[in-house]
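# Inside the fold
Spelled out, the chains give:
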Amino acid sequence: MKKVLALIASLVFATLAFAGCGGSQSSSSSSSSSAAAMSGTKTLKVGATAVPHAEILEAAKPLLEKEGIKLDIVEFNDYVQPNLALNDKELDANFFQHEPYLKNFMDEHKEVKLVNAGGVHIEPMGIYSKKVKDLKDLKDGATISIPNDPTNGGRALLLLQKAGLLKLKDGVNEKATLQDIAENPKNFKFQEVEAAQVPRTLDDVDAAIINSNFAMQIQLDPTKDSLFIEDKTSPYVNIVAVRDGDQNRPEIQALMKVLNSQEIKDFINDKYKGAVVPAF
């Protein structure tokens, strides 16, 4: 009887051991399949301001999907956090700025190491007003609001000079400041605020210099509502920024190929009708 019981016990043990091996193999195979599936999924996380950057990226989504890349768009409403998040590896790229702004940002944030992966479009900066219909009607001592960051502020002053409203010192470029104004015949006063907040000043100032993306967010049509606007020769091309070294990643190169495609050019021209201009 003892021998029979011992035989039964050994058979049960062997069966359980075999089943255990089989279960382990199945689990390993499942994990391998899952890992393979995961490795085949490519996702790009791109930070962007809402208009037009996030809208352009939305148009690029189905084109990138054909390349086997899922585009995850993270919206921001300021010009600081997208670069910090990208530098901290919370994003794969960002799309909201022009190169002069990026260079100035890195001068002020030495820890940030980002590069231009390619240009996409130009957002002409314009002069807007709810008080006058023509710039020549701006009164003596009128208040004009401009962006307070160095590059967009300088850009605004250059636009005012091009419009004939003031004159800057000789040789001054996009880094112009209020101290670089050489002639201000109508004694304009200037209110410096964050670029995203400039549209909110329109009711309180005589004129405002607004980036097109922020103008469109408050339903202003840059081609119709601006009193003066940059032309297509503007050097302020909006770029895709990445961490230095990532510009050669296949996913980033695929993103730039799509953003510089005829489909995206047609989307920009059809949707924005000159308020945003393709730079390729």
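Each value, and the rule that gives it
- Sequence order as written defines the numbering, with residues in each chain counted from 1.
- Reporting in this predicted model follows two pLDDT cut-offs: at least 70 for local features of residues, and 80 or more for side-chain atom pairs to be given and counted; totals over whole chains, interfaces and linings ignore these cut-offs and use all residues.
- In computing side-chain properties, one takes all heavy atoms of the structure into account and sets aside hydrogens as well as water.
- Note on conventions: DSSP H or I runs of at least 4 residues are helices, E runs of at least 2 residues are strands, and numbering of each starts at the N terminus.
- Categorising residues by exposure relies on relative accessible area from a 1.4 Å probe, with only protein chains included: less than 20% of the type maximum marks a residue as buried, more than 50% marks it as exposed, and the intermediate range marks it as partly exposed.
- Contacts: residue pairs with any heavy atoms within 4.5 Å of one another.
- In this description, accessible areas are obtained by the Shrake-Rupley approach with a 1.4 Å probe, and a residue is regarded as covered only by the protein chains that are shown.
- The definition of a nonpolar core used throughout is a set of buried Ala, Val, Leu, Ile, Met, Phe, Trp, Tyr and Cys residues joined through side-chain atoms within 4.5 Å.
- Strands pair, by our definition, only if DSSP identifies at least two bridges between them.
- Under this scheme, a helix contributes an axis fitted over its contacting stretch, all axes are lines through C-alpha atoms, and angles between N-to-C directions fall in the 0 to 180 degree range.
- For classification purposes, angles smaller than 35 degrees are called roughly parallel, those larger than 145 roughly antiparallel, those between 65 and 115 roughly perpendicular, and all remaining angles oblique.
- Put simply, a crossing is left-handed when the front helix is turned counterclockwise from the back one by less than a right angle, and right-handed when it is turned clockwise.
- Residue polarity is assigned by list, with Asp, Glu, Lys and Arg as charged and Ala, Val, Leu, Ile, Met, Phe, Trp, Tyr, Cys and Pro as nonpolar; anything else, Gly included, falls into the polar class.
- Values of pLDDT, which run from 0 to 100, indicate the predictor's confidence residue by residue.

For the chain, the helix and strand inventory stands at nine helices and 13 strands. Within the span of the chain, comprising 280 residues, buried residues form 44% of the whole. By sequence separation, contacts in the chain at least 24 residues apart represent 74% of the contacts at least 6 residues apart. Split by element, the accessible area of the chain, about 14500 Å² in all, is 52% carbon and sulfur.

One can find Ser261 in the loop between helix H8 (250–259) and helix H9 (262–272). Ignoring sequence-local partners within four residues, the contact set of Ser261 consists of Leu63 and Phe280.

Among the nonpolar cores identified, the biggest contains 31 residues, and Val46, Leu57, Val240, Leu255 and Leu259 are the most heavily contacted of them. When contributions to this core are tallied by element, the ones reaching two or more residues are strand S1 (42–49), helix H2 (50–65), strand S2 (69–76), strand S3 (93–98), strand S4 (114–122), strand S12 (237–243), H8 and H9. If you tally residues by element for this core, the top one is H2, at seven residues. Excluding residues that lie within four positions of it along the chain, Leu57 makes contacts with Val46, Ala48, Leu71, Ile73, Phe95, Leu255 and Leu259. One finds Tyr101, Leu102, Leu114 and Val205 within the second-largest nonpolar core, a separate group that totals 25 residues.

A few words on the pairing of S12. Within S12, six of the seven residues are buried, which leaves it mostly tucked inside the rest of the structure. Of the pairings in the sheet, the one linking S3 to S12 comprises four bridges and is antiparallel in character. Within the sheet, the bridge partner assigned to Asn94 lies in S12 and is Ala241. Sheet analysis places S4 next to S12, joined by seven bridges and oriented antiparallel. Looking at the pairing, Ile122 lines up with Val237 of S12.

With that settled, the discussion passes to the packing of H2 against H8. Close contact between H2 and H8 brings their axes to 10 Å; oriented N to C, the two are set at 115°. Classed by the angle they form, the pair H2 and H8 counts as roughly perpendicular. Crossing hand, H2 versus H8: right-handed. Together, Ile56, Leu57, Ala60, Leu63 and Leu64 of H2 and Ala254, Leu255, Val258 and Leu259 of H8 make up the contact between the two elements. The residue inventory of the contact of H2 with H8, partitioned by class, reads nine nonpolar, no polar and no charged.

Once that is clear, we can look at the confidence of the model for the chain. When the pLDDT values of the chain are averaged, the result is 87; 86% of them are 70 or greater. Long-range and interchain partners of residues 1–39, a stretch whose pLDDT sits below 50, account for zero contacts in this model, where long-range means more than four residues apart.

As summarised here, the arrangement of the five strands in space is S9-S6-S10-S5-S11, forming an open sheet in which the pairing is mixed. Edge positions in the sheet fall to strand S9 (189–193) and strand S11 (228–229), since each of these pairs with one other strand and no more. Bridging between strand S5 (residues 126–128) and S11 involves two bridges; their strand directions are antiparallel. The residue of S11 that forms the bridge with Gly126 is Ile229. In this fold helix H5 (residues 150–162) packs onto S5, strand S6 (143–147), S9, strand S10 (207–210) and S11, with an angle of close to 135° to the strand it touches most, S6.

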